[in-house]
Amino acid sequence: MTYEKHHFAAALAVVEDLAPALRLSLRVKPAHSATLGQALGLDLPTRVGARVAAGGTEALCLGPDEWLLTAPEGTDLATPARAVYADAPHSLVDISDREISLRLSGPAVLDLLAACCPRNVAAMPVGTAARTVFDSATVILWRDGPADFRMDIWRSFAPHVRALLAQVQGELAAGL
Amino acid sequence: MSRFRIPGKGRVDHAAPVSFTFDGKTYRGLRGDTVASALLANGVHLMGRSFKYHRPRGAVSAGSEEPNALIGTSRGAGRFEPNTRATVQELRAGLVTESQNKWPSLSFDIGAVNDRAYMLFSAGFYYKTFMWPKSFWDKIYEPVIRGAAGLGKSPTEADPDHYASRYLHTDVLVIGAGPAGIAAALAAAQSGADVTLVDENPEMGGSLLSDPAVQIDGRPAWDWVDAQLGRLRAAGVRLMTRTTAIGYYHQNMVGLCQRLTDHLDTPPKGAPRERMWRVRAGQVVLAQGALEKPLVFDGNDRPGVMLAGAAQTYLHKYGVKVGDTPAVITSHDSAYYAAFDLADSGARVAAIIDTRDAVRPDLLDGARLRGIEVLSGHTVTTTRGRLRVKSVRAAPMRGTHVGTGRDIACDCLLMSGGWTPSLHLFSHTKGSLAWDGQTFLPDRKTEACEIAGAGRGLWGYADVLADGAAAGLRALEGLGRAGHPAGFRVANDRPGTGASHTELPTDGNPGKARAFIDFQNDVTAKDIRLAVREGMRSIEHVKRYTTNGMATDQGKMSNINGLMIAADALGKQPPQVGLTTFRPPYTPTSFGAFCGYLRGETFQLTRKTPIDGWAEANGAVFEPVAQWRRAWYFPRAGEDMHAAVLRECKATRASLGIFDASTLGKIEVAGPDAVEFMNRMYTNPWTKLAPGRCRYGLLLGEDGFIRDDGVIGRLSPDLFHVTTTTGGAARVLTMMEDYLQTEWPELDVWLTSTTEQWATVALNGPNALAMLKPLVQGVNWDDFPHMSCAECTVAGLPARLFRLSFTGEVGFEVNVPARHGLTLWTALMEAGKPYDITPYGTETMHVLRAEKGYIIVGQDTDGTVTPADAGLDWAVGKAKKDFVGKRSLSRPDIVAKGRKQLVGLLTEDGSLLQEGAQIVLDPDQPKPMKMVGHVTSSYHSTLGHPIAMAVIEGGFDRMGETVFIPMPDGVRKARVTSTVFYDPDNTRLKA
C-alpha cells in the first residue's frame, strides 16, 4: 500500500503516505443496518469505534447511523447497496478523495500522536478507530497495532498536519 | 576555588567548573550551580536594584519564589530573557547575565534617588502626587512614569527557539518530589497504576536535599532519595524534573511547563526549549511543600538578608556558605538548624535572635554546644550596610514595648517568619481554605486531589512522609485500587513550630521604617497600613492600591505578611479580611511554551486547494477566506492589483476566464426524503426541479434573515448536490444536521460533506461553451441550458458538470474528484489557449458578480437582511406551506416600510466609494447625523466607472435619488440605482 516514505534520521516515529483506497460514507438508520450489512457482506458493527472486516471491505462504526466503509479501489459496493435501497433506504457517498491517509508507526508513535491529539491514544484498543482531532484538524485515527496507526485527514488540512508531524519528528530525533 | 565554596560539599560537581559573566565580569561556578549560588560562592550578594526605589538587593531565596534576584540572561543571539530568576537559572557554559534596573551601574545607580524620596512614593502615590495640573497627566506624568516603570528590557528579536506541546493521561499525578511527594508516588505506584511525579527543580528530593543529616529507614537522606527514585523508575513511574505545574484546571487538567534545554551547554539540534504538557490525571497529589516567610522589619531587604532555609539550601545543595558571620532572626524553630549547619561548616554565627520568649531546650542546647548566643524575646529594629548588610540591631521586647537595642555585626542575616503552605495550585481549583490561627490550610476540595505534607501545614520529616504515603493510598482508592500502607523510620528528624507576626516591634518611628513585605514591588508595611487608613477594607482593594503581591512572584512571600498587617490594621481576624486569589501560572512562564507549535508555518491551520500549488507557481497573490487561502489575483509583471483585476475581468467578459472554486462548500443530500428536506430547509420550491437541473437556493435562519446561498443541482430524484458559500460550509451542514436530528428525525435523508471530495473549476466567458464542449463526454448539449447539471467525463476525468454563472457570462463549474483537480486545471488551461484563457482570482470574481448584482452573503448581508431586503423575493416559494424562517417573514417589523434594502450606487464624480462607509440623506444636518445605511460592496468595474452596492432605508423607493456619503476628505454624492449594472436582460447567459 505504501508508495512514499519520508525519511528521517531516527525511525522513532515514521510517517508514510498511504495509497488511495475506496472510502464510502454509509448512513442508514439502525433498524436497517443489518440489511445493508447483508448486502455488503459484513456485519456492520454497532459500537462506535468498532471495526469489522470481511472480503477486503472494512466497516468502521462512527455513530449510531454512520459507518465508514473502506475497500480496495475499484470495489463495487454501490451496486449491492442499491439493490436493497427500497427496503433499507440509505445514503452511500463516495468520499475517497475527501481525505488522504497517513500511516504512523514506530516505537515513539504514541508520543508523536500525543503532541497534538488530546485523546488518550495509548488507551485505544488495537483494532479500533476513533474520530478525534489532531491540533485543529478533525481526523479519524485507526489503531492497527500497538505502535501502528493510520490517520485520515481532510485533504486541505493535510499540509498543516504533516508540518506538525514533521516538527514533532524532529523533536523526537533530538531526544528531548 | 571561590572564597565561599566549601570544598567537596554540596551536590555540585567540584571537578566541573563553568564560566559565566555577570555585568561583564567573568565568574566561575560549578556544574549544578544556579547563577545565584555561583555568585554567592564568589561572595556576590548584590544582584539587582529594586523596582520602585532602586534599592540594592540580593537573593533572598534559593528557589522559584525569588522576588529580588531577577536578572537578564542571554543564551546567545536572539536568546535574551529579562527577569530570569537567578535562583532558578542553572549555569551553562558561556551564559551571559546582567543585573537590571540600574544606571549607570549596579553599585552606583542614579535611580536610587527614588529611595531618598520614598515618602513621595507611598501607596497610591500616582493617584495623589500627579493630580495637578490635570493637563500634565497625558503629556508629562504618564510618559515619565511609564518610562521609569517596568523591570528588565523586553527582547527585541524574534525568539529563535521552538517550543513543544504534549498531552498526557495518567492515573496519578504527584506534584512536588520532596519527601511527601516521593512517599505518595511510592504508595500510588505499587498497584500498577500509571503514576507521574513532577518537580520544578533539576533534582528530585525537595527539602531532603537541604537536610542531608536526616536518616530515613537507616539511610542518610540523599541515599534514601536515590534509592526511592530508583524504585519509582523501576515501577514505571514517569519522573519529570525541571517541570513546573503552572496551573490546575477543571476536571484534573494540570498544565506542566518542562524546561528542556536552558541548562545545557549545547542543546541537541532540533530540541525544543520547553514543552507544555496538558495532563489529564485521574487523581492529583499536591505535595508542593511550604514557602518560608520573611520577617518584616526596617532594612529587611539589604543584600545579605535572606531566608534561613535558603542559606541552608545554598550550604547543602551547592556547598556555598552565604557568609562568614551570619546572624539569625527567627520566629520558627527551623532557622536554628540552618544556623547549626552553617556553624558546623565553619561559619561563626553572631547570634540567633528569636522573637519568642520560650525556646525548645534541645535547640538551646544545640546553640550552646556551638557557642552561639541566643537572644530570645528579642526583635530586630533595623539593619545597617549600604550594598551589603553589616550589622543588625537587636532589642529585647515585652509585648509591644521595645527595650534598648544593641548592634550585632554580621555579614548576612538569616530570617525565618515560619512557613506558608504552597496553596497556589489548590487555589486554582477554587478549593476553599481554612484558617488555623497562623496560616491558611487547604480545606474543601473541588477536584479529585489529595494534599500532602508541608503543603497542608505539617512539619517534620516523619509526619510528612507518613502523610505523603497516606495521600498516595487515598489517591489509589480514588481510582478504585488498593495498596499497602508504608511506614518510614526517621532519625535526626527536624521538627519545628513557630509564631506568626505582623511587623516586628520597633523603637523607631514606624512611619519611617523601610520594612518590606513585597520585595519585588517595593511594598512596605506602612503602605499596607496607609491603604487601610485611606479606606481600603478588602484585601483585594489593599492589594491593588499598594500593588502588594501583584508582581510576577504573585506574592509567594508577601501575601500572608500583607494580610496579617492589613487584618491587624483593621482590627479583624485574617479570614475576615480574606486572601487574594492565586492564578495560573504558578511561576512566570514563557510565551513560547504557551504558543507551542502555533507559530510560523503552523501558526494557524490554513487550508489549501488541490490547485493552490499551481496558483503559487504562477504568481498568485493570496487572501484568506475562512480557513482557506485563495488566489486573490494573478498579477503579471508590472501590474498592480487594480491593473491585474481589470485585465482578468475584461478577459473573462471578452473571451474566457478560469477560476478555482474548490473551496465552495458542498453537501450531498441523499435519501428518499431528500426533496422534502430541501423544501423545508431552503426558501425555494424543489419538488418540480427535474433531475439534471439546478436552482439558486436561499437559506434563512428561524429569524427570516439570510444565512447562506448557493446553486443546488438535482442529480437524481433522491440526490441533491448542494453548494454553500466558502465560509458557510461547516455552519450550513451543522444547521442542517441540527434540524434533521432534533426536528425531523423521521425523514429518510442523510447529509455528507463533500467539499473536499471535489475540486471545482469554474469557466466563464462567451467562449466557455466552445472550449469545453470537445472535452466533455456524456452530456446532451441540446438539452443542457443555463442551470443544468450532469454526471459525465471532462478531459477523461469523472465529473459533475454544472452550467451556471456567477459572472453574467456563460459559465460552467466542473467538479472532479480532488486528486484530479490539478490535472483538470492544466487540461483546461491547455484547451483554453486558443481563447486566451485567463486565470482569475477572488477579486475578479467579486467584481464580475457585483456588476450583475449577485450578492455575497456576509458582505452584502449582515444577518439582518431578509430575501425581500436583498431583492431576492423571487427565490422564495410563496406557495410553500413552510420552510425555515417562513413565519418570521410575516412579522410586523419584517414587512414594515423603511427597512434597509439593497440597492446600487453610482457616484456623481465617478470616484470609488469605501466599503463600510455610512450614508446620509442630508449632508448639512447637525451632527450626529442620521445614518440611513452603508456601502456593502464597492469596486472599479469593466464598465468604465466604479460601482457600489449599499443597504439604504427604503432603498427600493429611492431609485434615482441622490444620497450622500460623508468621508474625511469631503462628502460624496451618489445616485441610487438598481444593483444590476451589467446586462440586465441576461442576454449573455443564453449564448
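Just above, that's the structure.
Quick notes on the rules
Residues numbered from 1 in each chain as written. Chains lettered and ligands numbered in written order. Predicted model: local features only at pLDDT ≥ 70, side-chain atom pairs only at ≥ 80, totals over all residues. Heavy atoms only, no water. Helix = DSSP H or I, 4+ residues; strand = E, 2+ residues; numbered from the N terminus. Rg over C-alpha atoms; globule rule 2.2 N^0.38 Å. Buried < 20%, exposed > 50% of the residue type's maximum accessible area, 1.4 Å probe, protein only. Contact = heavy atoms within 4.5 Å. Lys, Arg positive; Asp, Glu negative; His and termini not counted. Charge placed at Lys NZ, Arg CZ, Asp CG, Glu CD. Pairing = 2+ DSSP bridges. Arc of directions from axis to C-beta.

Trainee: Pulling in residues and values, what's your account of the overall build of chain A?
Mentor: The secondary structure content of chain A amounts to four helices and eleven strands. By the compact-globule yardstick of 16 Å for 176 residues, chain A fits well, its C-alpha radius of gyration being 17 Å. In terms of its C-alpha atoms, chain A occupies a principal-axis envelope of roughly 60 × 30 × 25 Å. Residues classed as buried in chain A amount to 55% of the 176 residues present. Sequence-distant contacts in chain A: of pairs separated by 6 or more residues, those separated by 24 or more amount to 58%. In chain A, 15 side chains carry a positive charge and 19 a negative one; their mean positions are 3 Å apart.

Trainee: Residues and numbers for the pairing of strand E38 (residues 706-716) of chain B, please.
Mentor: All names here are of chain B. Of all eleven residues that make up E38, nine are buried, and the element is covered over most of its length. Sheet topology places strand E37 (residues 693-700) next to E38; eight bridges connect them, and they run antiparallel. Considered in E38, the bridge of leucine 699 is made with aspartate 708. Counted along the chain from E37 to the antiparallel partner E38, the turn is five residues long, and its residue glycine 704 has a positive phi close to 85 degrees. Across four bridges, E38 lies against strand E39 (residues 719-724) in antiparallel orientation. Looking across to E39, one finds that arginine 714 is bridged to phenylalanine 720. In this antiparallel pair of consecutive strands, E38 and E39, the connection spans two residues.

Trainee: Can you tell me about helix H22 (residues 821-831) of chain B, naming the residues and giving the values?
Mentor: Taken residue by residue, H22(B) has B:Gly821, B:Leu824, B:Trp825, B:Leu828 and B:Met829 as its buried positions. Looking straight down H22(B), one finds that the buried residues subtend no more than 135 degrees of arc, so they occupy a single side.

Trainee: Provide a residue-level description of the sheet that holds strand E51 (residues 962-967) of chain B, including the pertinent values.
Mentor: Spatially, six strands are ordered E48-E49-E50-E47-E52-E51 (chain B) in an open sheet, and the strand pairing comes out antiparallel. Edge strands, defined here as strands with exactly one partner in the open sheet, are strand E48 (918-919) and E51 of chain B.

Trainee: Before we move on, can you summarise the environment of B:Val18 with the specific residues and values?
Mentor: All names here are of chain B. With respect to the element layout, valine 18 can be found in strand E1 (residues 13-22). Considering only alpha carbons, one finds valine 18 and glycine 94, 76 residues apart in sequence, at a separation of 7.9 Å. Those residues within four positions of valine 18 in sequence are excluded, and the remaining contacts are Tyr27, Arg28, Gly29, Leu30, Arg31, Leu91, Arg92 and Ala93.

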